[in-house]
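Given next are the chains, with one letter for each unit.
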Amino acid sequence: MEWFNKWLDTLYNTFMVDQRYMTIVSGFEKTIVITFGALLIGVIIGTIVAIIKVFADGNKKLKILDVICNIYLTVIRGTPVVVQLLIAFFIIFVSAKDGTMVAIITFGVNSGAYVAETIRSGIMAVDSGQNEAGRALGFSKLRTMQYIILPQAFKNILPAIGNEMIALLKETSVAGYVAVVDITKAANQIKNTTYDQINPIMLVALIYLILVIGLTKLLNVFERRLRKSER
Amino acid sequence: MNDNVIIKTEDLCKHYRGGVIRALDGVSAEIKKGEVVVVIGPSGSGKSTFLRSLNLLEIPTSGKILFEDVDITNPKLDVNVYRRKMGMVFQHFNLFPHMTILRNMTIAPMKLLKKTKEEAEAKALELLKLVGLEDRAESYPSQLSGGQKQRVAIVRALCMEPEVMLFDEPTSALDPEMVGEVLDVMKNLAESGMTMLVVTHEMGFAREVASRVIFMDEGQIIEEGTPADIFENPQNSRTQSFLSKVL
Ligand SMILES: Nc1ncnc2c1ncn2[C@@H]1O[C@H](COP(=O)(O)OP(=O)(O)OP(=O)(O)O)[C@@H](O)[C@H]1O
Ligand SMILES: [Mg+2]
């Protein structure tokens, strides 16, 4: 049991002295805030892009918007998110001191490009009769989308949005590139101060793993509920 | 012009693939207030296309649609305003599955006619009662039988207080034992004076309820007249051969 006591001593030195665990706690908060902030932005952008793409199909007036969306999708999907983060922090938002907001926006804009396709396919999966019924009642295209199509589309794609959330959670671990002390960066800082090469990183890995397993379980429960309500 | 006419079409055409397919090929028709016009014809003859053109779910290739003397094919008009005056009932019901029956019926009057929730719900419940479904107000569409769904679809359209009701094969997707309950609702509606345009294969309904029957084939109106004219004494050979198959 000698090694065990020694390990406990190391843990104490690494995390408890100077309340270094607080860095992990605040890093954890940052990671969560960035993940959910980015998810929110991603879903909003994704929804707007998806609606434009659906409406532009067969409507020449929306051609320009459609082209803009395509450029956005191509650029975002064609470059690594770390590079996007660096561009955002060092080129676009040069005056930003705290990278958190920059990270939220960047991950959100990035996520939007992937969510857009998911939402678009969710919209396409809704029976065309739903659109016709809405239009026949006198709802405009946009209102039909809002009241009738989107609620059904979101129900279809909720699992995919959940997966996007999990992907984002892990992706945000590169936020340290732009001076954000997220949970990964926090571990790295503790590692550098204490020269403990193992425990900070392993702890963070464990935290990610538990979060992802927990979220996956939650999603599965949610999905089963949805299925049931569909009868 | 006769002010009893609600809808009048002039030389209405709907072509696909640059005229290769002529779903509608010059349809001129009139529907007067209080009339029940039944449209019959073989599959692919353009009955649905005709009906769906009237509320511009299909945009005609050419021709005019006058709704109370206003040409609604004019792209400058807000078609949504005119669609509100035309209720439509679909073969596959198209109820909104994520809303309760009551919400299905109140959302359009509340959002489009700016009715209060109380007004809209009172009207909806009154109509549900008429079709014997007042106890299903809080149900979801998936909990209803086909016949019940179609009855709800009819009263959902009525909640907008339309001036004319369009039915596209309202009983074709139903199990045979449910056809009667839907036809009964339509019959009552006809008796209440509603102007109706009905595409159907239910010849019994046409005979009994229609004030006029239109026979369509290949995108054109071949023959029209009273049910007695059409069913007992069809003039055109195509009408005769169609009726000999379905009667
Ligand atoms: N989107 C479309 N593209 C090409 N052809 C079409 C389209 N919609 C309809 N048609 C064609 O137009 C013609 C008329 O179709 P319509 O659905 O109006 O017939 P219908 O009389 O309602 O037939 P049914 O009794 O089978 O419902 C058919 O030949 C059909 O194939
Ligand atoms: Mg049809």
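Residues numbered from 1 in each chain as written. Chains lettered and ligands numbered in written order. Predicted model: local features only at pLDDT ≥ 70, side-chain atom pairs only at ≥ 80, totals over all residues. Heavy atoms only, no water.

Participant: Would you take a moment to explain the overall build of chain B for this structure?
Facilitator: Of regular secondary structure, chain B possesses 9 helices and 10 strands. Scaling as 2.2 N^0.38, a compact globule of 247 residues should have a C-alpha radius of gyration of about 18 Å, and chain B matches this with 18 Å. Its C-alpha atoms put chain B at 50 × 45 × 35 Å along the principal axes. In chain B, which comprises 247 residues, the share counted as buried stands at 54%. In chain B, once contacts between residues fewer than 6 apart in sequence are set aside, the share between residues at least 24 apart is 65%. (Helix = DSSP H or I, 4+ residues; strand = E, 2+ residues; numbered from the N terminus. Rg over C-alpha atoms; globule rule 2.2 N^0.38 Å. Buried < 20%, exposed > 50% of the residue type's maximum accessible area, 1.4 Å probe, protein only. Contact = heavy atoms within 4.5 Å.)

Participant: Is there a simple way to explain the interface of chain A and chain B in this structure?
Facilitator: You'll often see interface size given as the accessible area lost when the parts meet. Taken together, the contacts link 17 residues of chain A with 22 residues of chain B. Between chain A and chain B the total buried area reaches about 1,700 Å² when both faces are included, carbon and sulfur atoms providing 61% of it. At the junction of chain A and chain B, the tally comes to 1 salt bridge. Measuring nitrogen to oxygen at the nearest pair gives 2.8 Å for the salt bridge that ties Arg-52 of chain B to Glu-132 of chain A. Viewed at the interface, chain B and chain A are joined by 6 residue pairs in polar contact (both at pLDDT 80 or more). Counting only elements with at least two residues in the side of chain A that touches chain B, the list comes to α6 (128–137) and α7 (141–171) of chain A. Looking at the side of chain A that touches chain B, the element that brings in the most residues is α6 of chain A, giving 8 residues. (Buried area = accessible area lost by both parts, 1.4 Å probe. Salt bridge = Lys/Arg side-chain N within 4 Å of Asp/Glu carboxyl O. Polar contact = N/O pair within 3.5 Å; in protein donor to acceptor, adjacent residues only side chain to side chain.)

Participant: Looking at this structure, I do not really get the pairing of strand β7 (residues 164–168) of chain B. What am I missing?
Facilitator: Within a regular strand, the side chains alternate between the two sheet faces. Residue and element names in this part refer to chain B. Across the 5 residues that make up β7, a large majority, 5, are buried. Side-chain alternation along β7 places Val-164, Leu-166 and Asp-168 on one buried face and Met-165 and Phe-167 on a second face that is also buried. Of the pairings in the sheet, the one linking strand β6 (residues 86–89) to β7 comprises 4 bridges and is parallel in character. Following the sheet pairing, Gly-87 is matched in β7 by Met-165. Pairing analysis gives 5 bridges linking β7 to strand β8 (residues 195–199), with the strands arranged parallel. Residue pairing across strands places Asp-168 opposite Val-199, the latter belonging to β8. After leaving β7, the chain enters helix α6 (residues 176–191) and then returns to the sheet as β8, a path that is right-handed. (Pairing = 2+ DSSP bridges. Right-handed = clockwise from strand over helix to strand, strands pointing away.)

Participant: What's the story with the packing of helix α4 (residues 81–92) of chain A against helix α5 (residues 99–124) of chain A in this structure? I'm lost.
Facilitator: Packed helix pairs are specified by the crossing angle of their axes together with the interaxial distance, meaning the distance between the axes. Residues and elements named next belong to chain A. At a minimum axis separation of 9 Å, α4 and α5 run at an interaxial angle of 135°. In terms of orientation, α4 and α5 fall into the oblique class. In the packing of α4 onto α5, the handedness of the crossing is right-handed. Contacts from Val-81, Gln-84, Leu-85, Ala-88 and Phe-89 in α4 reach Gly-99, Val-102, Ala-103, Thr-106, Phe-107 and Asn-110 in α5. Here the contact of α4 with α5 is built from residues that sort into 7 nonpolar, 4 polar and no charged. (Axes fitted to C-alpha atoms, helices over the stretch in contact; angles between N-to-C directions. Parallel < 35°, antiparallel > 145°, perpendicular 65-115°, else oblique. Left-handed = near helix turned anticlockwise from the far one by under 90°. Nonpolar A, V, L, I, M, F, W, Y, C, P; charged D, E, K, R; others polar.)

Participant: Looking at this model, I keep getting lost on the packing of aromatic side chains. Mind explaining?
Facilitator: Each aromatic ring pair is specified by the distance between its two centres and by the angle formed by the two planes. Residue and element names in this part refer to chain A. Applying the stated criterion across every chain yields a total of 6 aromatic pairs over all chains. Relative to Phe-4, the ring of Trp-3 has its centre 5.8 Å away and its plane inclined at 90°; by these criteria the two rings are edge-to-face. By relative accessible area, Phe-4 is classed as partly exposed at 30%. Plain terms: the ring middles of Phe-89 and Phe-90 are 4.9 Å apart, the flat faces sit at 85° to each other, and that makes the pair edge-to-face. Taking the relative accessible area as the measure of exposure, Phe-89 reaches 10% and is therefore buried. The ring of Tyr-114 has Arg-77 sitting right over it, with the charged end atom 5.8 Å from the ring centre. The aromatic ring of Phe-55 is capped on one face by Lys-141, whose charged end is 5.1 Å from the ring centroid. (Phe/Tyr/Trp six-rings, centres within 6.5 Å; stacked < 30°, edge-to-face > 60°. Lys NZ or Arg CZ within 6 Å of the ring centre and 35° of its normal.)

Participant: I tried to follow the side chain of Glu-223 of chain B on my own but got confused; where do I start?
Facilitator: All names here are of chain B. Looking at the element boundaries, Glu-223 is found in strand β10 (residues 220–225). No salt bridge is formed by the buried Glu-223. Its closest oppositely charged neighbour is Arg-238, at 9.1 Å. At 2.6 Å, the side chain of Glu-223 forms a polar contact with the backbone nitrogen of Gln-235. Excluding its chain neighbours within four sequence positions, the residues that come into contact with Glu-223 are Val-213, Ile-214, Phe-215, Ile-230, Asn-233, Pro-234, Gln-235, Asn-236 and Thr-239. (Lys, Arg positive; Asp, Glu negative; His and termini not counted.)

Participant: How should the site of ligand 1 be read in this particular structure?
Facilitator: Residue and element names in this part refer to chain B. For ligand 1, the set of nearby residues contains 13 residues, the closest of which are Ser-43, Gly-44, Lys-47, Ser-48 and Thr-49. A distance of 3.4 Å is found between a nitrogen atom of ligand 1 and a side-chain nitrogen or oxygen belonging to Tyr-16. Ser-45 is positioned such that a nitrogen or oxygen atom in its backbone is 3.2 Å from an oxygen atom of ligand 1. Compared with its free state, where it exposes 640 Å², ligand 1 has 61% of that area covered by protein. (Near = heavy atom within 4 Å. Areas by Shrake-Rupley, 256 points an atom, 1.4 Å probe, with all protein chains shown as cover.)

Participant: How do you make sense of a positive patch on the surface when you look at a structure like this?
Facilitator: A contiguous patch of positive charge, built from Arg-143 of chain A together with Arg-103, Lys-111 and Lys-114 of chain B, is present on the exposed surface. Position of Lys-111 of chain B relative to the elements: it lies in helix α3 (residues 101–112). (Patch = residues over 30% accessible without salt bridge, like charges linked within 9 Å, V, L, I, M, F, W, Y side chains within 5 Å. Charge placed at Lys NZ, Arg CZ, Asp CG, Glu CD.)

Participant: In this structure, what is going on with the sheet that holds β8 of chain B? I would like to understand it.
Facilitator: Pairing between the strands of a sheet is mediated by backbone hydrogen bonds and can be parallel or antiparallel. All names here are of chain B. Reading across from one edge, β6-β7-β8-β3-β9-β10 is the order of the 6 strands in this open sheet, with mixed pairing throughout. Edge positions in the sheet fall to β6 and β10, since each of these pairs with one other strand and no more. For this sheet, the mean angle separating the axes of adjacent strands, direction not counted, is 20°. Two elements, strand β3 (residues 36–40) and strand β9 (residues 212–217), share 4 bridges in a ladder whose sense is parallel. Looking at β9, one finds that Ile-40 is bridged to Phe-215. Packing against the sheet, helix α9 (residues 237–246) makes contact with β3, β9 and β10, and its axis sits at approximately 100° to β9.

Honestly, it's all geometry; don't read function into it.
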